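Residue-level listing of the chains:
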Amino acid sequence: LITGIGVDAVFVFEDFWEQGARFRKSDTRLVYVFVQAGKSCLATSMTTAVSFLANLESVLQPLREFGLFMGLCVLFAFVLVLLVVPSMM
């Protein structure tokens, strides 16, 4: 599940990188990618993480632990994409 979420974010960043081809300077292009793709991925990652973290209200301990683990994994995947993807562009 986390692999799919992380790969989706990578594809979003790559798509905005292609759209930013009109910029001559690579640093301007990278800023464009981070602003545009970062906002999109932040919104989707936050809503996904919050939906998993909502399981913390469950009375079932395994469901609470799953929600906490997956919520943190989604946030970590977003941070990891922000740190790793620029080095590949």
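Within any chain, residue numbers begin from 1 and follow the written order of that chain's sequence. Residue-level local features of this predicted model are given only where pLDDT is at least 70; pairs of side-chain atoms are given and counted only at 80 or more, and the full residue set underlies all totals for whole chains, interfaces and linings. To obtain the side-chain values, all non-hydrogen atoms of the structure were used and water was disregarded.

Caption draft 1: The arrangement of the packing of helix 1 (residues 2-19) against helix 3 (residues 61-88) in detail. Look at helix 1 against helix 3: their axes get within 9 Å of each other, and the N-to-C directions meet at 35°. You can see that helix 1 and helix 3 cross each other, and the crossing is right-handed. Only Met70, Cys73, Val74, Ala77, Val81, Leu82 and Val85 of helix 3 make contact with helix 1, whose side of the interface consists of Ile2, Ile5, Gly6, Ala9, Val10 and Phe13. Amino acids outside the nonpolar list (Ala, Val, Leu, Ile, Met, Phe, Trp, Tyr, Cys, Pro) and the charged list (Asp, Glu, Lys, Arg) are all regarded as polar, and Gly is one of them. Its residues placed into classes, the contact of helix 1 with helix 3 shows 12 nonpolar, one polar and no charged. With axes taken as lines fitted to C-alpha atoms, and helix axes fitted only over the stretch in contact, angles between N-to-C directions fall between 0 and 180 degrees. What counts as a helix is a DSSP run of H or I of at least four residues, what counts as a strand is a run of E of at least two, and both are numbered from the N terminus. Crossing handedness: left-handed means the near helix sits turned counterclockwise from the far one by under a right angle, and right-handed means the same turn made clockwise. Every residue pair with non-hydrogen atoms within 4.5 Å of one another is taken to be in contact.

Caption draft 2: A look at the packing of helix 1 against helix 2 (residues 26-53). It is the contact of helix 1 with helix 2, at a shortest axis distance of 9 Å, that shows an interaxial angle of 150°. On the basis of their axis angle, the class for helix 1 and helix 2 is roughly antiparallel. In this structure, helix 1 meets helix 2 at a crossing whose hand is right-handed. Taken together, the residues of helix 2 that come into contact with helix 1 (itself represented by Ile5, Ala9, Val12, Phe13, Phe16, Trp17, Glu18 and Gln19) are Arg29, Leu30, Tyr32, Val33, Gln36, Ala37, Gly38, Ser40, Cys41 and Thr48. A breakdown of the residues in the contact of helix 1 with helix 2 according to their chemical character gives 11 nonpolar, five polar and two charged. By the definition adopted for this analysis, an angle is roughly parallel if under 35 degrees, roughly antiparallel if over 145, roughly perpendicular if from 65 to 115, and oblique otherwise.

Caption draft 3: Inspection of the state of the cysteines at higher detail. The disulfide definition used here is simple: a pair of cysteine sulfur atoms within 2.5 Å. In this structure the tally under the stated criterion is zero disulfides. Here Cys41 stays free of any disulfide, with the sulfur of Cys73 as its closest cysteine sulfur at 17 Å. Only protein chains enter the accessibility calculation, which uses a 1.4 Å probe. A residue is then buried if its area is under 20% of the maximum for its type, exposed if over 50%, and partly exposed in between. Accessibility expressed as a relative area gives 19% for Cys73, which makes it buried.

Caption draft 4: Fine view of helix 2. Across its 28 residues, helix 2 extends 38 Å between first and last C-alpha, which sits within 8% of the 40 Å expected from 1.5 Å per residue. Tucked into the core, helix 2 has its buried residues touching helix 1 and helix 3. What a helix is expected to span follows from its residue count: subtract one and scale by 1.5 Å.

Caption draft 5: Focus on the nonpolar core. Grouped together as the largest cluster of nonpolar side chains are 11 residues: Ala9, Phe13, Phe16, Trp17, Tyr32, Val33, Ala37, Cys41, Phe78, Val81 and Val85. Of all elements in the fold, only helix 1, helix 2 and helix 3 reach the threshold of two or more residues within this core. Excluding residues within four positions of it along the chain, Ala9 makes contact with Cys41 and Val81. The criterion is simple. A nonpolar core is a set of buried Ala, Val, Leu, Ile, Met, Phe, Trp, Tyr and Cys residues joined through side-chain atoms within 4.5 Å.

Caption draft 6: Just the environment of Val7, in detail. Positionally, Val7 belongs in helix 1. On a C-alpha basis, the gap between Val7 and Ser45 in space is 12 Å, while along the polypeptide they are 38 residues apart.

Caption draft 7: Highlighting a nonpolar patch on the surface. Patch building starts from residues that exceed 30% relative accessible area and form no salt bridge, then joins like charges within 9 Å and nonpolar side chains (Val, Leu, Ile, Met, Phe, Trp, Tyr) within 5 Å. Accessibility throughout is a Shrake-Rupley quantity obtained with a 1.4 Å probe, and a residue counts as covered only by protein chains that appear here. Basic side-chain nitrogens of Lys or Arg form a salt bridge, by our definition, when they fall within 4 Å of a carboxyl oxygen of Asp or Glu. A contiguous nonpolar surface patch, about 610 Å² in accessible area, is contributed by Phe76, Val79, Leu80, Leu83, Val84 and Met88. Summarising the element assignment, Met88 is placed in helix 3.

Caption draft 8: Focus on the environment of Cys41. With respect to the element layout, Cys41 can be found in helix 2. The class for Cys41 is buried, based on a relative accessible area of 3%. Linking Cys41 and Thr3, residues 38 residues apart in sequence, is a C-alpha distance of 15 Å.

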